[in-house]
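As a plain string of letters, each chain reads:
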Amino acid sequence: MKNWFVCLLFFTTVCTWSQTSNEKILHGKIVADSASVVGIDVVNLGNEKVTVTNNKGEFSILAKADDILVFSSMTLEMKRMLVDEDDLKSEMITIYMTPKINELNEVIVKKNAAEGISIIAGQKQYTPAERKLYTATSGLLDAPLNWLSGRTEMLKKEIIVERKERMLYKVGVLYDDKYYIQTLKVPEIYIDDFQRYIIEDKEFAAALKVKNRTMMLFLISKLAVNYNAIPK
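In this report, we go over the structure that sits alongside the text. (Residues numbered from 1 in each chain as written. Predicted model: local features only at pLDDT ≥ 70, side-chain atom pairs only at ≥ 80, totals over all residues. Heavy atoms only, no water.)

Some points on the overall build of the protein chain
(1) Moving on: Counting secondary structure elements, the protein chain contains nine helices and nine strands.
(2) Moving on: Considering only intrachain contacts with a sequence separation of at least 6, the fraction spanning at least 24 residues in the protein chain is 54%.
(3) Moving on: For the protein chain, the computed accessible surface area is about 15500 Å², with 59% contributed by carbon and sulfur atoms. (Helix = DSSP H or I, 4+ residues; strand = E, 2+ residues; numbered from the N terminus. Contact = heavy atoms within 4.5 Å. Areas by Shrake-Rupley, 256 points an atom, 1.4 Å probe, with all protein chains shown as cover.)

Given below as structure tokens:
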């Protein structure tokens, strides 16, 4: 019995070592025109390692061939990269990222008798559904009429649907099918359903909103275990 246990322990150690022996420290640098490259999140979806770039946009992370790296920040468009053997052999890889194109804040223009026209930039950014609700509830007569007709309630529901669709889009960009299938053990036919399942979790939704990659990786693993336990 003791010999069997020792053999099992040896086999487990060999398997674990073989899975990680191909991993190497990958060195890279982010290049982005007219945008800061410090503090960019770098996540390896394969081994769930996380790091951030320094003030020169440089980073180092443990990776192996076929791992997927995700680069993201508040000011740059998210980018994903599939690691290959050439990347691992390179002394420094270069990742090109582009600045985000943000929607302009709502601008209110009013006539000024002395200077002609002045422009006041508002602080609120509206999504299409939010703008519809704002229009339906801002008028003196529109607000009570839309409330009585049920249009206001319908538009509020549209906002909820719109927010969920935006979250689904973000999740779809952040994780690829291989990560769901191989790492989280979610069958391919259930990936869409699992994505809708995780965005209903308040903690995951909050982490997604503030782009807390580390917390999302922790939560999605726990949610995958719970989801896979549900009878299908």
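Focus on the sheet that holds strand β4 (residues 58-63)
(1) Moving on: The three strands are arranged β4-β1-β7 in an open sheet whose pairing can be described as mixed. Edge positions in the sheet fall to β4 and β7 (93-96), since each of these pairs with one other strand and no more. Averaged over all adjacent pairs, the angle separating strand axes in this sheet is 35 degrees, with direction ignored.
(2) Moving on: Where strand β1 (residues 24-31) and β4 come together, six bridges link them in antiparallel fashion. (Pairing = 2+ DSSP bridges. Axes fitted to C-alpha atoms, helices over the stretch in contact; angles between N-to-C directions.)

Re the packing of aromatic side chains
(1) Moving on: The tally for this structure, following the rule as stated, stands at eight aromatic pairs.
(2) Moving on: Aromatic side chains Y175 and Y179 sit 5.2 Å apart centroid to centroid with 15 degrees between the ring planes, which places their arrangement in the stacked category. This pair shows no difference in class: Y175 is buried, exactly as Y179 is.
(3) Moving on: Chaining the aromatic ring pairs together yields one cluster made of Y175, Y179, Y180, F194, Y197 and Y227. (Phe/Tyr/Trp six-rings, centres within 6.5 Å; stacked < 30°, edge-to-face > 60°. Buried < 20%, exposed > 50% of the residue type's maximum accessible area, 1.4 Å probe, protein only.)

A word on unusual backbone geometry
(1) Moving on: The backbone of D66 sits at a positive phi, close to 80 degrees, despite the residue not being glycine.
(2) Moving on: With respect to the secondary-structure elements, D66 resides in the loop between β4 and β5 (68-72).
(3) Moving on: Classification of D66 as partly exposed rests on a relative accessible area of 46%.
(4) Moving on: Phi is positive for K185, which is not a glycine, with a value near 60 degrees.
(5) Moving on: In this fold, K185 is placed in the loop between α6 (177-183) and α7 (191-199).

Considerations on empty space enclosed by the protein
(1) Moving on: Tallied over the entire structure, the rule returns one cavity of 30 Å³ or more.
(2) Moving on: Space inside the largest cavity adds up to approximately 30 Å³.
(3) Moving on: Lining of the largest cavity is provided by V43, L45, L174, Y175, R213, M216 and L217.
(4) Moving on: No other element matches helix α9 (residues 213-228), which puts three residues into the lining of the largest cavity.
(5) Moving on: Class assignment for the residues of the lining of the largest cavity results in six nonpolar, no polar and one charged. (1 Å grid on protein atoms, 1.4 Å probe; cavity = no way out; pocket = protein on both sides within 12 Å on 5 of 7 lines; lining within 4 Å. Points joined across faces, edges and corners; volume = space filled by probe spheres on them. Nonpolar A, V, L, I, M, F, W, Y, C, P; charged D, E, K, R; others polar.)

A closer look at the pairing of β7
(1) Moving on: Residues I93 and I95 of β7 are buried on one face, while the alternating residues T94 and Y96, pointing to the opposite face, are not.
(2) Moving on: The pairing of β1 with β7 spans four bridges and is classified as parallel. Counted as the bridge partner of G28 is I93 from β7.

Remarks on helix α8 (residues 202-209)
(1) Moving on: Within α8 the residues assigned to the buried category are F204, A205, A207 and L208. Taken down its axis, α8 places every buried residue within 165 degrees of arc, on the same side. With respect to the buried face of α8, the exposed residues turned more than 90 degrees away are K202 and K209.
(2) Moving on: If you check the start of α8, you find a side-chain oxygen 3.2 Å away from the backbone N of E203, and it comes from D201.
(3) Moving on: Immediately beyond the C-terminal end of α8, within one or two residues, lies K211, with a positive phi of roughly 60 degrees. (Arc of directions from axis to C-beta. Polar contact = N/O pair within 3.5 Å; in protein donor to acceptor, adjacent residues only side chain to side chain.)

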